Amino acid sequence: MPASTKKRPDKEKLLAIQFESLKERTDSLLAIADKNLDTYKPEVAAAMFEKVSSLIEELTGSFSSWLLVSTDLEDDKILSVKSSFNNTSKIADEVLVKLKAASPVPVPTPPVKMEKPSLSSSKLRKVDFRPLEKSGTKNWFHDLEIVFKAMGITEEDIQYAALLRLIDAQTSNLLTSISRSKPDDSYSQAKALIISEFSLSKYDRAKLYLLESSPGPEENLSHFASRIEVLFDDLSLDDIRKFTVLRHAPSSVRLQLAGSGFDSKSFVDLVREADQLTQRAKQDSFVVGAIQNKSRTNPGKQNNRSKVCSFHVRFGNNARTCSGEGKCLLWSKGLPLPRENTSGNDAGKPSRG
């Protein structure tokens, strides 16, 4: 008997049958959904939406597969199947929109907030470092942060906890508000506060750098230069000029201008204000000295201590007019009495000098 030969299946026909089957199922489901849409509960509408979407996806894949192998078919056949697929797709789009509108609105799940593990949940790594150096806080923090980086300690709260182990009780009291409020940048705030508390003013740093620093008995000059370099940090040539002049002012004037005024004022403004304060200090000291001397000369006249004429109050030792012996403690025989309706310093005569 001759060997039987099986006829090879026609792939185009198989895909066409598959497409027609899926299309019938899809059309039937779309008709049911469109007819009963008003009666669906939200949960049923959601389930129907998923099923129709799944069938449309399968139908689209089947149509694409059939179209790839139908190159030998007549154009009319291809256009007919394509038109049928497009009609089903249009109806599906409309039904899916209605089903989606009838479906329950999904409630977004709030993101789960990952809590940062507390220090108590893991053992704090010991930072082997020297205690806080109050005389050079900037350099000390710079070195400490190098150690933090090498140990992989980057969290602010762990850095802050390590810092608390390296400071004394007095310094720890400065950080009480930070420890209580527990801000996210606790270490950065503590660092800024400690540096601000123990750093010298520009005037004091210039004084220490230029006048009061010297190498130790066995200290190399290179070590000495490195040690005092931090004192010159952010000092400008203008700051050096201001210090050079201001250090010759009276101590009371230096005390008043060596703080924030030293940083904020220009060289010219600082020197001008120093002159004004120095002149005022000299006048005040002269008046006080004169009152004390007069009190010693006339101890019984205690009520005269406050008698200083307006000319001496205004012009001090340069007064060229005086109200008289009985009216001013600073009166002397060489000073004339004031003219009538005169408030100036010996009006009518040219000033001396």
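The rules behind the values
- Residues numbered from 1 in each chain as written.
- Predicted model: local features only at pLDDT ≥ 70, side-chain atom pairs only at ≥ 80, totals over all residues.
- Heavy atoms only, no water.
- Salt bridge = Lys/Arg side-chain N within 4 Å of Asp/Glu carboxyl O.
- Buried < 20%, exposed > 50% of the residue type's maximum accessible area, 1.4 Å probe, protein only.
- Helix = DSSP H or I, 4+ residues; strand = E, 2+ residues; numbered from the N terminus.
- Core = buried A, V, L, I, M, F, W, Y, C linked by side-chain atoms within 4.5 Å.
- Contact = heavy atoms within 4.5 Å.
- Arc of directions from axis to C-beta.
- Phe/Tyr/Trp six-rings, centres within 6.5 Å; stacked < 30°, edge-to-face > 60°.
- Lys NZ or Arg CZ within 6 Å of the ring centre and 35° of its normal.

A. Spotlight on the pattern of salt bridges. All told, the structure shown has eleven salt bridges when counted by the stated rule. A salt bridge links Lys265 to Glu273, with the shortest nitrogen-to-oxygen separation between them at 3.0 Å. On the accessibility criterion, Glu273 (24% relative accessible area) is partly exposed. Put simply, Asp269 and Arg272 hold a salt bridge, and the shortest N to O gap is 3.1 Å. Of this pair, Asp269 and Arg272 both sit in helix H14 (residues 267–297), three residues apart, which is roughly one turn of the helix. Among the charged side chains, a network of salt bridges with common partners joins Asp34, Glu94 and Lys98.

B. View of the nonpolar core. Counting 23 residues, the largest nonpolar core has Phe19, Tyr40, Met48, Val52, Phe63, Trp66 and Leu99 as its most contacted members. Only helix H1 (11–35), helix H2 (42–69) and helix H3 (75–102) provide two or more residues apiece to this core. With eight residues, H2 is the largest single contributor of residues to this core. Discounting chain neighbours no more than four positions away, the residues touching Val52 are Leu29, Leu30, Leu96 and Leu99. Judged by nonpolar contacts, the second largest core, of 20 residues, contains Leu144, Tyr160, Ala162 and Ile178.

C. Highlighting helix H9 (residues 202–212). Among the residues making up H9, those that are buried are Lys202, Tyr203, Arg205 and Ala206. Taken around the axis of H9, the buried residues stretch over an arc of 165°, which confines them to a single face.

D. Spotlight on the packing of aromatic side chains. Evaluation of the coordinates by the stated rule reveals seven aromatic pairs. Pairing Trp140 with Phe141 gives two aromatic rings, centres 5.0 Å apart and planes at 85°, and the pair type is edge-to-face. Of the two residues examined, Trp140 and Phe141, each falls in the buried class. Within the aromatic cluster, the residues linked to one another by ring pairs are Phe129, Trp140, Phe141, Phe148 and Tyr187. One Lys or Arg, Lys100, reaches over the ring of Phe49 and ends 5.4 Å from the middle of that ring. The ring of Phe267 carries Arg241 above its face, with NZ or CZ at 4.0 Å from the centroid.

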